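Single-letter residue listing:
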Amino acid sequence: MHFQDIIQTLNRFWAERGCLILQPYDTEKGAGTMSPHTVLRAIGPEPWAVAYPEPCRRPTDGRYGDNPNRAQHYFQYQVLIKPSPDGIQETYLASLEALGIRAADHDIRFVEDNWESPTLGAWGVGWEVWLDGMEVTQFTYFQQCGGIDCRPVSIEITYGLERLAMYLQDVESIWDLSWDGNRSYGDIWLPFEKGQCTYNFEASNPERLKQLFAIYEAEAADLVAAKLPAPALDFVLKCSHTFNLLEARGVISVTERTATIGRIRNLARQVAEAWLAEREALGFPLLSEAQRAALAAPLAA
Amino acid sequence: MSTFLLEIGTEELPADFARLALPQLEQLVRRDLAEQRLSHGVVTTTSTPRRIALLVEGLPAAAADLEEERKGPPAGQAFKDGVPTPAAIGFAKRCGVAPEALELRDTPKGPFAFARVLERGRATSAVLAEHIPQWIGALQGRRFMRWGEGESRFSRPVRWLVALLDAAVIPVTLQGSDPEVSAGNTSRGHRLLADAVTIPSAGAYAESLAAVGVQVDRTGRAAVIRSAVLEAAAALGARPDLPDDLFDELTDLVEAPLLIEGSVAEQSLALPPEVLSTVMRAHQRYVPLYRSGAASDPLALDARDALLPRFLCIGNGLPAASDTVRRGNERVLKARLADAEFFVQADRAVPSIDRRDRLARVTFAEGLGSLLDRVERLEWLTDVLLEQLELGAATGDHARRAAHLCKHDLVSQMVGEFPELQGVMGGKYLLAEGEPRAVALAVLEHYLPRGAGDDLPSSDAGAVVALAERLELLLSIYAKGERPSGSSDPYALRRAGNGLLQILWERGWSLDLQALLRRATAHWAQLLPHFQVEAPALAMELAEFLRQRLVSLLEEQGVDGDLVQAVAGEGVALERVLSDPADARQRADLLAALRASGELAGVQAVVTRAARLAEKGSLDAAVLSPAGVVDGALFEKPSEGAMLQVLEQLQPIAAGGGAARYAELARALAASRDTLAAFFDGEQSVMVMADDPAVRTNRLHLLGVLRNQASVLADFSRIAG
């Protein structure tokens, strides 16, 4: 199955199960979780079900395209459903089957792996899914996001698309993956990978990155103060990515690292709070009438 | 008699949850059944990744009745003219009997009203139904979660519940679970074999699950895994590397264990064996296979001599899929090892000495500068240690070079990825670069011991750098103002202190820690002026900390508490303990041996008697020789002269050096028992507290010197009789 067919199959699969199929969000980020479609929507009482592919950037993972298993830019396929439904593991296994991975032909296991994002003030518990020993998916029941307890709880499913594709196509290198049967993953992404690695590790200007970080941080703080959570999140994401670029240059000491992560987390928390307040002021428009009534009942009582 | 089955069906539990939860569940159930007067037979608990189960055998249909007598008001207040008073009526009502049924009986405090109460035992199923949700709710574990819209918290979502008393379903619903879970007789099989399976009765639990591919008995599953691994390893002539924590995890990750044997690409054996086995065990939960009988070189960069190009893993799939599963696992391992190969190549492209420079970029801890600063302090300590220990020029050269390079691998890619390989990679890289083997080994060994029970450095140079490493940590973190307290010891200072002492003991090195601390704290105060530490106070605090470490280490190693106190406790001068921790250790061992052979009591009897009286005198505790403090001209009885002779014999032993003197001292003390007895009792005895102050002082000094000489061995007042 070609890379693009995997995305299409997953789109179709999750659409049939009531998920909105969205597109990648246009800000650099380290994981699909950081998209507002997940990180903001997981907060508050409104139901939500969404699926989307998301490109991710992790500058320190770059290997100039020399390593068959690592890249600083890759794709995740992200599903978020709130509240988490019964039988979600079985639904997930059915999605693998849709991709041609029949459970009976493999050893598929759910192995404890709890997730925590210090920068997002978020954590959850769940599993990494092993497909014959290879981690292909991360499952997380969100417990907290932006420092706010998640009620109800969302389930997040994050597929590692390249790993699944390598398995399905039986190739040993990311760069040899077939994108559409004609062009390879390497044809499309390798030129970017090399250039970006050179930038991440050599050509970036740490001084200017530090200035950028300060600007983004100030912007995010102002936007939080102005009660504009959506653009504030954009700048928090920019802070996070700029921080990762600084890390790739090895110019962040351990202490500085902790302090900076603390500041980003603090901003993320304020964004989360502002988002929740904004949705509340709108009367949580995505709630059904019944849910709204149920939510109002204890308050009235 | 009936059997009760409770199965809590869940999404996949963390592998260690069962080990935490099963004992709790058993304890709760035993406690509550006893409280409810429900007798029972065997209680068993078991688990698989998807279920926690409990079986209680031998349950009666109902709990035992409770017949008891309750005491009410005094007879005078209970009845007026034979008529029950409101007090008696109230009491009878509380007991559930008619006022007429109250009996009057005499007690030591006079006659009282009594009620005979019969509480009927409740039906077993009712008791169980009431307690099941409480038991489930009471289980504790790490990182519990909520799911869906529910309020319940558990390790992972609860999806089904089986509660059977024999064949009858116990009606229970778990509120707060989303969706609500009601008990039934339907369990679930292995994911690949059956979605639902009916458990016809509690007693048929294990066989019903076995029919759908689940080996529910955890112990049985463990045994299957153990023997499969041993058998496969034996067939290959290999020793499986299967530590207990990995074994437990393997048992708790499968419902139907299936051994799979895979191969490792030949070229991957060019990696260090530690890297291969870490990747296999920690990342993939595979069992690495060591060549039986192969001598392993800890500095080898290559695993060909140590490992077989095979691994074992425990799968949970269907046997028919084994081939696919094996190929999949081999692939993953290959990819992981390719990553490791990349790291080794990248690391080896950079000389270790250049990595040392990069330590300047890594912060050690707030106010303590970079890792390079730490290394420089550690080098200073290495010099001081070498000066004090006098180990010869070659060891000195090796230790200095090793100290200079010891942390280089902390900025290597390999250690960045596998922090547990710190030191190991550093040593290997250095040897490959042509550093002397002794230097490379010292770098590897300077992290030893990593914890209680770990190996100690095997080389002098490694031991010196290991000492310096621990001293640097203690001095720096103490200078920064942080102390270990209670369970909080983030820098593992206690472990560092223990390691320091263990190394000194094992090497048999005499090291004056007190002198070293005085010198080092003065140096630290200069290096880190911003902490404004007072060097002497810091030295004292560290010395006291090390004394505590020494005391607790000796106790951990099985030396009796009173003997430890006698050698190193509060009553012993800090100087005495820390000027040579090896000496303290020798004395503790000697006392323990004397106690074991029954000789300690004799020595102690002599010393205690002398010391008790000597307290009344004023002789300085440092005086070991009778010359100048005891005057023979004042003697009135031969027993005094005999005592003086004993003291003169003991004096050179007590004041001498060498470890052998302690045993000699103990023997001489024991031998003086008769002399001392004659001094105190019988015809030749003297009155110590004589009226003449000069005679009195003289006799007290005789005893005082004996006490002082004995205290060279131990503070005998601390030793329990």
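Structural notes, computed from the coordinates. Model, not experiment: these values are computed from the prediction.

### What to know about the overall build of chain A
A tally of regular secondary structure across chain A gives nine helices and nine strands. Computed over C-alpha atoms, the radius of gyration of chain A comes to 20 Å, within 12% of the 19 Å expected from 2.2 N^0.38 for 301 residues, which places it in the range of a compact globule. Based on the C-alpha atoms only, the size of chain A along its principal axes is roughly 60 × 55 × 30 Å. Counting the 301 residues in chain A, one finds 54% classified as buried. Within chain A, contacts between residues separated by at least 24 positions form 66% of all contacts whose residues are at least 6 apart in sequence. Element-wise, carbon and sulfur atoms account for 53% of the exposed surface of chain A, whose accessible area totals about 12000 Å². Taken together, the 26 basic and 40 acidic charged side chains of chain A have centroids lying 4 Å from each other.

### Thoughts on the pattern of salt bridges
For the structure on display, the rule yields 71 salt bridges over all chains. For the salt bridge of A:Arg151 with B:Glu151, the shortest nitrogen-to-oxygen distance reads 2.4 Å. Linking A:Arg151 in the loop between strand E8 (148-149) and strand E9 (155-160) with B:Glu151 in the loop between helix H4 (124-138) and strand E9 (158-165), this pair reaches from one chain into another. Among the ionic contacts, a cluster of salt bridges with common partners joins B:Arg374, B:Arg377, B:Lys407, B:Glu469, B:Arg470 and B:Glu472.

### Concerning the sheet that holds strand E15 (residues 238-240) of chain B
Residue and element names in this part refer to chain B. Read from one edge of the open sheet, four strands run E15-E17-E18-E16, paired in antiparallel fashion. Taken across any chain shown, the strands that pair with only one partner, and hence form the sheet edges, are E15 and strand E16 (258-263). Between one strand and the next, the sheet's axes are offset by a mean angle of 30°, whatever the strand orientation. Bridge count for strand E17 (residues 287-291) against strand E18 (residues 307-315) is three bridges, and the pairing is antiparallel. Residue pairing for E18: Pro 288 is matched across the bridge by Phe 311. Where helix H9 (residues 322-348) meets the sheet, its contacts fall on E16 and E18, and the angle it forms with E16 comes to roughly 50°.

### Remarks on the sheet that holds strand E4 (residues 66-74) of chain B
Residue and element names in this part refer to chain B. With antiparallel pairing, three strands are arranged side by side in an open sheet as E4-E8-E7. One side of each edge strand has no neighbouring strand; the edge strands of this open sheet are E4 and strand E7 (103-107). Neighbour to neighbour, the strand axes of the sheet diverge by 45° on average, direction disregarded. Sheet analysis places E4 next to strand E8 (residues 110-119), joined by seven bridges and oriented antiparallel. Paired with Glu 69 across the two strands is Arg 116, which belongs to E8.

### So, the packing of helix H24 (residues 638-655) of chain B against helix H27 (residues 693-711) of chain B
Residues and elements named next belong to chain B. Close contact between H24 and H27 brings their axes to 10 Å; oriented N to C, the two are set at 30°. The angle between the axes of H24 and H27 places the two elements in the roughly parallel class. The way H24 lies across H27 gives a crossing that is left-handed. In contact with Glu 640, Met 643, Leu 644, Val 646, Leu 647, Leu 650, Gln 651 and Ala 654 of H24, H27 contributes Arg 699, Leu 702, Leu 703, Val 705, Leu 706 and Gln 709. Classifying every residue of the contact of H24 with H27 gives 10 nonpolar, two polar and two charged.

### A short note on the interface of chain A and chain B
Of the residues lining the interface, 50 residues belong to chain A; the matching set on chain B comes to 52 residues. For the chain A and chain B pair, buried surface summed over both sides reaches about 4100 Å², with 46% attributable to carbon and sulfur atoms. Summed over the three residues of chain A that lose the most area to chain B, namely A:Arg109, A:Glu112 and A:Arg151, the buried surface amounts to 13% of that side. Linking chain A with chain B are nine salt bridges. In this structure, the salt-bridge partner of A:Glu112 is B:Arg142, at a minimum N-O distance of 3.0 Å. Linking chain A with chain B are 26 residue pairs in polar contact (both at pLDDT 80 or more).

### Observations regarding the packing of aromatic side chains
Taken as a whole and assessed by the stated rule, the structure comprises 30 aromatic pairs over all chains. Three or more aromatic residues joined by ring pairs form one cluster here, namely A:Phe3, A:Phe75, A:Trp175, A:Trp179, A:Tyr185, A:Trp189 and A:Phe192. Over the aromatic face of B:Phe112 sits the side chain of B:Lys71, whose NZ or CZ is 4.5 Å from the ring centroid. For the cation-ring pair, B:Arg143 lies above A:Trp123, with the distance from its terminal atom to the ring centre recorded as 4.4 Å.

### Here's the deal with the environment of B:Ala393
Its place among the elements puts B:Ala393 in helix H12 (residues 393-405). Here the alpha-carbon distance between B:Ala393 and B:Leu128, two residues 265 residues apart in the chain, equals 76 Å.

### Quick word on unusual backbone geometry
Glycine aside, residues mostly have negative phi, and peptide bonds are mostly found in the trans state. A cis amide bond links A:Lys82 with the next residue in sequence, A:Pro83, at an omega value of -5°. Relative to the helices and strands, A:Pro83 resides in the loop between strand E3 (73-82) and helix H3 (88-98). In this model, B:Asp81 sits at a positive phi of 55°, which is unusual for a non-glycine residue. Among the secondary structure elements, B:Asp81 is positioned in the loop between strand E5 (79-80) and strand E6 (83-84). Of note, B:Ala492 is a non-glycine position whose phi angle comes to about 55°, a positive value. Residue position: B:Ala492 is located in the loop between helix H16 (460-480) and helix H17 (493-507). The class of B:Ala492 is buried, set by a relative accessible area of 18%.

### Digging into the side chain of B:Ser370
Looking at the element boundaries, B:Ser370 is found in the loop between helix H10 (352-358) and helix H11 (371-389). Every residue in contact with B:Ser370, bar those within four places of it in the chain, is listed here: B:Leu359, B:Ala360, B:Val362, B:Thr363 and B:Phe364.

### Some details on the side chain of B:Arg699
Residue and element names in this part refer to chain B. The residue Arg 699 is located in helix H27 in this model. Given the relative accessible area of 2%, Arg 699 is considered buried. Within the structure, the side chain of Arg 699 is placed 2.6 Å from the backbone oxygen of Met 687, a separation counted as a polar contact. Beyond its immediate sequence surroundings of up to four residues, Arg 699 is in contact with Glu 636, Glu 640, Phe 679, Val 686, Met 687, Val 688 and Ala 690.

### Some remarks on helix H7 (residues 229-248) of chain A
For H7(A), with 20 residues, the first-to-last C-alpha span of 28 Å sits near the 28 Å given by 1.5 Å per residue. Among the 20 residues of H7(A), 14 are classified as buried, and the element is accordingly described as predominantly covered.

### Topic: the packing of helix H14 (residues 424-432) of chain B against helix H15 (residues 437-445) of chain B
Helix-helix packing is described using two parameters, namely the angle between the two axes and the distance between the axes. All names here are of chain B. At their nearest, the axes of H14 and H15 sit 7 Å apart, and the two run at 170° to each other. Classified by the angle their axes make, H14 and H15 are roughly antiparallel. Mapping the contact onto sequence places Val 424, Gly 426, Gly 427, Leu 430 and Leu 431 in H14 and Arg 437, Ala 440, Val 443 and Leu 444 in H15. Class assignment of the residues belonging to the contact of H14 with H15 gives a composition of six nonpolar, two polar and one charged.

### Some thoughts on the pairing of E8(B)
Residue and element names in this part refer to chain B. In this structure, E7 lies alongside E8, joined through five bridges in antiparallel fashion. The residue bridging Leu 104 from the neighbouring strand is Ala 113, located in E8. Here E7 folds back onto E8, and the loop between the two strands holds two residues.

Rules and cut-offs
- Residues numbered from 1 in each chain as written.
- Chains lettered and ligands numbered in written order.
- Predicted model: local features only at pLDDT ≥ 70, side-chain atom pairs only at ≥ 80, totals over all residues.
- Heavy atoms only, no water.
- Helix = DSSP H or I, 4+ residues; strand = E, 2+ residues; numbered from the N terminus.
- Rg over C-alpha atoms; globule rule 2.2 N^0.38 Å.
- Buried < 20%, exposed > 50% of the residue type's maximum accessible area, 1.4 Å probe, protein only.
- Contact = heavy atoms within 4.5 Å.
- Areas by Shrake-Rupley, 256 points an atom, 1.4 Å probe, with all protein chains shown as cover.
- Lys, Arg positive; Asp, Glu negative; His and termini not counted.
- Charge placed at Lys NZ, Arg CZ, Asp CG, Glu CD.
- Salt bridge = Lys/Arg side-chain N within 4 Å of Asp/Glu carboxyl O.
- Pairing = 2+ DSSP bridges.
- Axes fitted to C-alpha atoms, helices over the stretch in contact; angles between N-to-C directions.
- Parallel < 35°, antiparallel > 145°, perpendicular 65-115°, else oblique.
- Left-handed = near helix turned anticlockwise from the far one by under 90°.
- Nonpolar A, V, L, I, M, F, W, Y, C, P; charged D, E, K, R; others polar.
- Buried area = accessible area lost by both parts, 1.4 Å probe.
- Polar contact = N/O pair within 3.5 Å; in protein donor to acceptor, adjacent residues only side chain to side chain.
- Phe/Tyr/Trp six-rings, centres within 6.5 Å; stacked < 30°, edge-to-face > 60°.
- Lys NZ or Arg CZ within 6 Å of the ring centre and 35° of its normal.
- Expected span 1.5 Å × (residues − 1).

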